[in-house]
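Commentary on secondary and tertiary structure
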Amino acid sequence: MRDYHIKENVISESECDRLIEFFSLDNIKRSRAGARNLMSLPAISELALDRRLIAITELVYGKTLIPYKATLFEKSGKANWLVAWHQDTALPLETDIVDIGWGPLSKKQGINFVHAPTWALSKILALRIHLDASTSSNGPLRIIPGSHSQRLLTDAEFDRARKGKPEIECLVGKGGVIAMSPLILHASSKAVNDEPRRVLHIEYAVSLQIESGIRLAIA
C-alpha cells in the first residue's frame, strides 16, 4: 500500500456544492468543526461506494476496500484550529476489546473507539474528499512521507519519525481526493484567512471483520 496519493478532479464542483448544501440541512447533527457518524446517511454511504472512489482504493491499496466511517471536517474563520503531528489510530468497534496492542477506549456518540495496533491499522485507508480547494492559506493537510510503517507510542518515537524528513503540504483543488494511510504522520496549521476548508473524510477497510472477534462498527 502507498502511504499517500493525490488525485485531482474526482468529484465535480457541482457535486461538491450539493454536498455542502446537504450538510447545511437541519437534520445533520453538527458541531462548529464538522459532523461525525455520517455513514448512516444514505447519501453518504452511496457516495462512499461510488466507483470513482473505489477505484482510488484499488489503485492505492491494491484491492477493493469497504467503507465504514465518514466524518465532515470544516475549518473556517469561525472554526479555526491547529492540529499537531499525529497518527489516526482509533477504530470504531462493535464491542470493546482487551488485548495486547489495543487501547485505550473512548466513546463518541455511543460508539466504541479503540486505539488499534499497527497490523490492524495497516488494513485501513482514508480518502479525504475536498469540498473546497485546499490552499496554503486555509490550513491544509501536511504530511511526512514514509512515516506510516508503525503506530508510534512515545514522544521520542514521534521525534525520530520526523527528524530530517521532508514535510509535504497537500494542496488539492475542489473535488480532489487525498488517499492516505491512517499511520502517516500528519498535521495542519490554523487558516490565515476566512476561506472555508471542508473535507469529507471516509475510511475504508479490507474487511469489516478485522480479526476473529474484532469487527468494525459503521460510523
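All of the points below concern the structure found in this document. It should be emphasised that the depicted structure is a prediction, and the values quoted were computed from it without experimental measurement.

What follows covers the overall build of the chain. Check the secondary structure of the chain and you find five helices and 15 strands. For the chain, the spread of C-alpha atoms along the three principal axes comes to 45 × 40 × 30 Å. Residue burial in the chain is summarised as follows: out of 219 residues, 48% are buried. In the chain, 81% of the contacts between residues at least 6 apart in sequence involve partners at least 24 apart. Within the chain, one finds 28 positive and 25 negative side-chain charges whose respective centroids are separated by 3 Å.

Here the idea is plain: a probe the size of a water molecule rolls over the atoms and shows the empty space left. Of the pockets and cavities examined, the largest pocket occupies roughly 730 Å³. When residues of the lining of the largest pocket are traced back to their parent elements, those giving at least two are β2 (34-35), β3 (66-75), β4 (83-86), β6 (105-108), β7 (111-115), β12 (186-188) and β13 (197-205). By residue number, the principal contributor to the lining of the largest pocket is β3, which donates six residues. Considering only residue class, the lining of the largest pocket consists of 11 nonpolar, 12 polar and 11 charged.

Next up on the list: the sheet that holds strand β10 (residues 168-170). The sheet built from four strands is open, its strands ordered β4-β12-β9-β10 with antiparallel pairing. Each edge of the sheet is formed by a strand with only one pairing partner; in this case those strands are β4 and β10. Going across the sheet, the axis of each strand differs from the next one's by a mean of 25 degrees, ignoring polarity. Here strand β9 (residues 141-143) runs beside β10; their pairing, made up of three bridges, is antiparallel. The residue of β10 that forms the bridge with Arg142 is Glu169.

In the structure shown here, the tally under the stated rule is zero disulfides. Cys16 forms no disulfide, and the closest cysteine sulfur to it belongs to Cys170, at a distance of 17 Å. Overall, the relative accessible area of 0% leaves Cys170 in the buried class.

This part covers the pattern of salt bridges. Across all of its chains, the model carries eight salt bridges by this definition. Ionic pairing is found between Lys174 and Asp17, a salt bridge with its closest N-O pair at 2.5 Å. Taken as a pair, Lys174 in the loop between β10 and β11 (177-180) and Asp17 in helix α1 (residues 13-23) lie far apart in primary sequence, 157 residues in all. Bridged by salt links that share partners, the residues Glu15, Asp50 and Arg52 form one connected network.

Relative to the helices and strands, Glu167 is located in the loop between α5 (155-162) and β10. Separated by 31 residues in the primary sequence, Glu167 and Ser136 have C-alpha atoms spaced 13 Å apart. The residues contacting Glu167, other than those within four sequence positions of it, are Trp85, Arg142, Ile143 and Ile144. Among the polar contacts made by the side chain of Glu167, one reaches the side chain of Arg142 at a distance of 2.5 Å.

Here the structure, examined in full by the defined rule, presents two aromatic pairs. Consider the rings of Phe22 and Phe23, whose centres lie 5.6 Å apart with planes at 65 degrees: the pair is edge-to-face. Between the aromatic rings of Trp102 and Trp119, the centroid separation amounts to 6.0 Å while the plane-to-plane angle is 75 degrees, which identifies the pairing as edge-to-face. Taken together, the residues Trp102 in the loop between β5 (90-93) and β6 and Trp119 in helix α4 (residues 118-121) connect sequence positions 17 residues apart. The exposure class of Trp102 is buried, given its relative accessible area of 9%. Stacked on the ring of Phe113, the Lys or Arg Lys108 has its end atom at 5.2 Å from the ring centre.

This part covers the side chain of Thr89. Mapped onto the secondary structure, Thr89 falls in the loop between β4 and β5. Ignoring any residue separated from it by four or fewer positions in sequence, one finds Thr89 in contact with Val114, His115, Ala116, Leu121 and Arg151.

Before going further, it helps to examine the nonpolar core. Taken as a class, soluble globular proteins show a tendency for nonpolar side chains to be buried jointly. Ranked by internal contacts, the top residues of the largest apolar core, which has 31 residues, are Phe23, Leu38, Leu53 and Ile129. Looking at this core, the elements that each hand over two or more residues are α1, α2 (42-48), α3 (51-61), β3, β8 (124-130), β11 and β13. For this core, the element with the most residues is α3, which contributes five residues. With near-sequence residues (within four places) excluded, Leu38 lies in contact with Phe23, Ile44, Ala70, Thr71, Leu72, Leu200 and Ala219. In terms of nonpolar packing, the next biggest core, distinct from the first, is built from 16 residues, Tyr68, Leu91, Leu93 and Leu183 among them.

The rules behind these values
- Residues numbered from 1 in each chain as written.
- Predicted model: local features only at pLDDT ≥ 70, side-chain atom pairs only at ≥ 80, totals over all residues.
- Heavy atoms only, no water.
- Helix = DSSP H or I, 4+ residues; strand = E, 2+ residues; numbered from the N terminus.
- Buried < 20%, exposed > 50% of the residue type's maximum accessible area, 1.4 Å probe, protein only.
- Contact = heavy atoms within 4.5 Å.
- Lys, Arg positive; Asp, Glu negative; His and termini not counted.
- Charge placed at Lys NZ, Arg CZ, Asp CG, Glu CD.
- 1 Å grid on protein atoms, 1.4 Å probe; cavity = no way out; pocket = protein on both sides within 12 Å on 5 of 7 lines; lining within 4 Å.
- Points joined across faces, edges and corners; volume = space filled by probe spheres on them.
- Nonpolar A, V, L, I, M, F, W, Y, C, P; charged D, E, K, R; others polar.
- Pairing = 2+ DSSP bridges.
- Axes fitted to C-alpha atoms, helices over the stretch in contact; angles between N-to-C directions.
- Disulfide = S-S within 2.5 Å.
- Salt bridge = Lys/Arg side-chain N within 4 Å of Asp/Glu carboxyl O.
- Polar contact = N/O pair within 3.5 Å; in protein donor to acceptor, adjacent residues only side chain to side chain.
- Phe/Tyr/Trp six-rings, centres within 6.5 Å; stacked < 30°, edge-to-face > 60°.
- Lys NZ or Arg CZ within 6 Å of the ring centre and 35° of its normal.
- Core = buried A, V, L, I, M, F, W, Y, C linked by side-chain atoms within 4.5 Å.

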